[in-house]
Amino acid sequence: MANHVNLTFHGAAKTVTGSCMEIESEGTRILVDCGLFQGSRTLETLNYGAFTFAPDTIDAVVLTHAHIDHCGLLPKLVAQGFEGPIFCTDQTADLLQYMLADAGRIQEFEAQHRNRRRDRAGEATITPLYTEHDGLTAWRQTRPVPLEEWFEPATGFRARLWNAGHILGATSAEVDAGGVRLLCSGDLGPQYKAFHADPEGPSGLDFVICESTYGSRTRVRLSIDQRRDLLEEEINKAISRGGNLVIPAFALERTQELLLDIAYLADANRIPNVPVFVDSPLANRATSVFARHAGELEDLGGKDIFHHPSIHYVDDASASMRINSMSGVIIIAASGMCEAGRIRHHLAHNLHRRDSTILFVGFQAQGSLGRVILEGARQVKISGTDVNVRAHIRRLDSYSAHADQAELLDWIKERKPISGSLFLTHGEPGAISALTELASEDDPSLSIVTPNIGESYQLQCGTPAKLIGTARTDAAQLIGRDWQNDYADFAVSLKRQLAEIPDPVNRQKAVADMRKVLERYGM
């Protein structure tokens, strides 16, 4: 039988988080990424379930970059028996020291917080997914490798990393095994990306696995100067209202890009001289890594922008709380999708204020709190409390760290010829469908596969991928909004809707009818 390898998708298939691909050749197995699922509570339950492979049978991990949806389950993998090396760039290894430890602290805090909630009284105690110690243990297994140089992650495998232009240290991973040559895009950056050169990579591959985050969206191409013009306008309008400008931002890369532009605008006297609070210990540590690698970054213009006098780094929790008594300041806090971290208490203190502004500058996954706010919710639930949404909700797409539809198509063209199949992953179904259609129009003969979570494929040189393992039976239910998103929407508006029923007798009847419906479904 001709040489082949098997490829299994354990995440980021028709969803944008949980990146994890298993590549097997002659009994040797490596993972490309091992990321956390983020979004709806249903999707996040996958983080707590057993791996669908035995961690101690994995020989190595090749990690594309340090975003949590690509690296966030490494501590769990290590805690459950993986003892092999984690290959990545030196910048990614530096970031992981902070990213994985912080992720462990968040898991511990979230477990403690949920266990204290009154609405969980009497329920089983929640244990953290993993701990800070697990995160640091995983970081110690990193093995930095330089770009574009071949290395051997495991017996029978060769690999090399290519600049992906996405975030500090981000790469695409080329893997050669069993006579098959494949390229995993990781996350790809756009043109005019601050700090980094445009993505690079080889051509003439057997199989390409390409992300599709913005597969259905084409952005207006903006230079860094044009992007700063838009940010200037948003900051000036927000501060003129008298309230705070709250920016949910990913601790890694997005925060540093914002600091670059805010420092530039402040030095040019284009925005008011107001305090800028970076209220994220993780973002602050990540910024220290950027400062350490400043000589490798573009667009700094010789300035030490990370120590600008307007910028205040907040680590202490009590100092974070004091920000809530202020007005007319800029608050940058994580997490970028508003699912955890200090951004949630800043939202709780600012969403109800008509003079405050919430500015989204990053992708919001389906089911996340950020997506719910962005889609126009009038009320949201934060840590069990209903919060009215009266603040100005704004969005800037010009800070995306992902290539858009046209840029993804260009990247795919540059990888050709592709003799086997193109896999489109790491995108919501609509984005993948749109990108599939355009890629097919461009090359009707190209085999394009859109895998589901759990599917396995046999890869053989020169032939299309062959499905050999079916998807999880619950794959379709895992993606998109879930019942808990719908419940949150329903719960926050229920009291208002009942109050709008003029007859109190009918209000009581409505409550009784709802109880009967729930009882009927429970039978």
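Placed above this text is the structure.
Rules used throughout
- Residues numbered from 1 in each chain as written.
- Predicted model: local features only at pLDDT ≥ 70, side-chain atom pairs only at ≥ 80, totals over all residues.
- Heavy atoms only, no water.
- Salt bridge = Lys/Arg side-chain N within 4 Å of Asp/Glu carboxyl O.
- Helix = DSSP H or I, 4+ residues; strand = E, 2+ residues; numbered from the N terminus.
- Buried < 20%, exposed > 50% of the residue type's maximum accessible area, 1.4 Å probe, protein only.
- Pairing = 2+ DSSP bridges.
- Axes fitted to C-alpha atoms, helices over the stretch in contact; angles between N-to-C directions.
- Expected span 1.5 Å × (residues − 1).
- Polar contact = N/O pair within 3.5 Å; in protein donor to acceptor, adjacent residues only side chain to side chain.
- 1 Å grid on protein atoms, 1.4 Å probe; cavity = no way out; pocket = protein on both sides within 12 Å on 5 of 7 lines; lining within 4 Å.
- Points joined across faces, edges and corners; volume = space filled by probe spheres on them.

Participant: Even after reading the chapter, I still don't get the pattern of salt bridges, so can you show me in this structure?
Facilitator: Opposite charge on two side chains lets them pair, provided their charged atoms get close. On inspection of all chains with the given rule, the structure shows 34 salt bridges. We note a salt bridge from Asp94 to Arg292, for which the minimum N-O separation is 3.6 Å. Here Asp94, found in helix 4 (residues 90–116), pairs with Arg292, found in helix 8 (residues 281–292); they are 198 residues apart in sequence, far enough to count as distant. Exposure remark for Arg292: the relative accessible area of 46% places this residue in the partly exposed category. For the salt bridge of Asp355 with Arg353, the shortest nitrogen-to-oxygen distance reads 3.1 Å.

Participant: Is there a simple way to explain the sheet that holds strand 13 (residues 311–314) in this structure?
Facilitator: Backbone hydrogen bonds are what pair the strands of a sheet, in a parallel or an antiparallel way. Strand order in the open sheet formed by six strands is 13-12-14-11-15-18, and the pairing between neighbours is parallel. Strand pairing shows two members of the sheet lacking a second neighbour, strand 13 and strand 18 (392–395), which therefore form its edges. Here the average twist between neighbouring strands, direction ignored, is 20 degrees. Direction of pairing for strand 11 (residues 245–248) relative to strand 14 (residues 330–333): parallel, over a ladder of four bridges.

Participant: Explain helix 16 (residues 504–521) to me, please; I cannot follow it from the model alone.
Facilitator: Note that an α-helix has 3.6 residues per turn; residues three or four places apart therefore point the same way. For helix 16, which comprises 18 residues, the first-to-last C-alpha distance of 26 Å matches the rise-based estimate of 26 Å (1.5 Å per residue) to within 8%. For helix 16, the capping residue at the N-terminal end is Asp503, with a side-chain oxygen 2.9 Å from the backbone nitrogen of Val505.

Participant: Would you mind showing me how to read empty space enclosed by the protein here?
Facilitator: Which parts of space are left empty comes out when a probe the size of a water molecule is rolled across the atoms. For the structure on display, the rule yields four cavities of 30 Å³ or more. By volume, the largest cavity is sized at about 130 Å³. Along the walls of the largest cavity sit 18 residues, with Ser19, Met21, Ile209, Thr425 and His426 positioned nearest its centre. It is strand 10 (residues 205–211) that provides the largest number of residues to the lining of the largest cavity, a total of three residues.

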